[in-house]
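Working through the structure, step by step
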Amino acid sequence: VAVVRMSNDSSLPMDERRNYKGVVDTATRIAKEEGIAAFWRGSGPFVSRAMMVGVFQVATLDQFKQSYADWLGQKKNSIPNVFCAAMTSGLIYSVATMPLEASKNRMASQKRDAVTGKLPYTSTLQTLRSIIAKEGFFAFYNGFLPYYLRCGGHTVSMFIFVQILRDMYSNQS
């Protein structure tokens, strides 16, 4: 929550900024001004997103490795094969999880309404519905390219590292 708040603070209009001085200041002010429960805002979509990452990233990798071996004649489990499969798995998981990432960020950085004192987002489903109703479905995909580069890059580096370790282990046996 502190990192999301600090990241988003500079993008707010001057009169809405919280002007955090650092992580410790952010965490201290959140605890004092909003209570300890504020640290769990956005945890619902975060957990949902994490589950979806596992489902899409891991479940699709081997299928794409086989597909690229068949379509492009790549040797299965070679570094180029793993790279292509991981980039595609990263794309699939980015498309599938971006709405949850957007919801998580909205919930973590939300402010109480000045008049009612209520938070605009109360649950993952309510946040998803609210964004669709007010901004349309494609609002979830604002900033998709940097998100995909982060997710795809992570997926590629992770699975190439795993493949290198597998290759090293199998060569020792």
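Note: the structure precedes this text.
First things first, this report covers the structure right here in the doc. (Residues numbered from 1 in each chain as written. Predicted model: local features only at pLDDT ≥ 70, side-chain atom pairs only at ≥ 80, totals over all residues. Heavy atoms only, no water.)

1. Some points on the overall build of the protein
In terms of regular secondary structure, the protein is built from six helices and zero strands. In the protein, the succession of α and β elements from N to C terminus is α-α-α-α-α-α. Scaling as 2.2 N^0.38, a compact globule of 173 residues should have a C-alpha radius of gyration of about 16 Å, whereas the protein reaches 20 Å, well beyond that. Principal-axis analysis of the C-alpha atoms gives the protein an extent of 65 × 35 × 25 Å. Classification of the 173 residues of the protein by burial places 36% in the buried group. As presented, the protein carries roughly 10400 Å² of accessible surface, and 64% of it is formed by carbon and sulfur atoms. (Helix = DSSP H or I, 4+ residues; strand = E, 2+ residues; numbered from the N terminus. Rg over C-alpha atoms; globule rule 2.2 N^0.38 Å. Buried < 20%, exposed > 50% of the residue type's maximum accessible area, 1.4 Å probe, protein only. Areas by Shrake-Rupley, 256 points an atom, 1.4 Å probe, with all protein chains shown as cover.)

2. Focus on the layout of surface pockets
Within this model, the largest pocket holds a volume of roughly 510 Å³. Taken together, 22 residues make up the lining of the largest pocket; nearest its centre are Asn8, Ala102, Asn105, Arg106 and Ser109. Secondary-structure elements contributing two or more residues to the lining of the largest pocket are α1 (2–9), α4 (79–109) and α6 (144–172). If one sorts the elements of the lining of the largest pocket by residue count, α4 sits on top with six residues. Per-class residue counts for the lining of the largest pocket are eight nonpolar, six polar and eight charged. (1 Å grid on protein atoms, 1.4 Å probe; cavity = no way out; pocket = protein on both sides within 12 Å on 5 of 7 lines; lining within 4 Å. Points joined across faces, edges and corners; volume = space filled by probe spheres on them. Nonpolar A, V, L, I, M, F, W, Y, C, P; charged D, E, K, R; others polar.)

3. Brief notes about empty space enclosed by the protein
Applying the stated criterion across every chain, the model contains one cavity of 30 Å³ or more. Taken as a whole, the largest cavity spans an internal volume of roughly 40 Å³. The element best represented in the lining of the largest cavity is α6, accounting for four residues. Residue composition of the lining of the largest cavity, grouped by class: four nonpolar, one polar and two charged.

4. Structural notes on the state of the cysteines
Counted under the stated rule, the structure contains zero disulfides. The thiol of cysteine 84 is unpaired, and the distance to the nearest cysteine sulfur, on cysteine 151, comes to 18 Å. What makes cysteine 151 buried here is its relative accessible area of 0%. (Disulfide = S-S within 2.5 Å.)

5. Quick notes on the environment of arginine 112
When you line up the elements, arginine 112 lands in the loop between α4 and α5 (124–135). Through-space distance from the C-alpha of arginine 112 to that of histidine 154 is 34 Å; in sequence the pair is 42 residues apart. Once you skip the residues sitting within four places of it in the chain, arginine 112 turns out to touch Arg41, Gly117, Lys118 and Leu119. A polar contact of 3.1 Å, which involves the side chain of arginine 112, links it to the backbone oxygen of glycine 117. (Contact = heavy atoms within 4.5 Å. Polar contact = N/O pair within 3.5 Å; in protein donor to acceptor, adjacent residues only side chain to side chain.)

6. What to know about the packing of aromatic side chains
Within the structure shown, the criterion is met by seven aromatic pairs. Seen in terms of ring centroids, phenylalanine 137 and phenylalanine 140 are 5.9 Å apart; in terms of plane orientation they differ by 80 degrees. Their pairing is edge-to-face. Here a set of aromatic residues connected by ring pairs shows up, and it is made of Phe137, Phe138, Phe140, Tyr141, Phe144 and Tyr148. (Phe/Tyr/Trp six-rings, centres within 6.5 Å; stacked < 30°, edge-to-face > 60°.)

7. Details of the environment of arginine 129
With respect to the element layout, arginine 129 can be found in helix α5. Spatially, the C-alpha atoms of arginine 129 and asparagine 142 are 16 Å apart, while their sequence positions differ by 13 residues.

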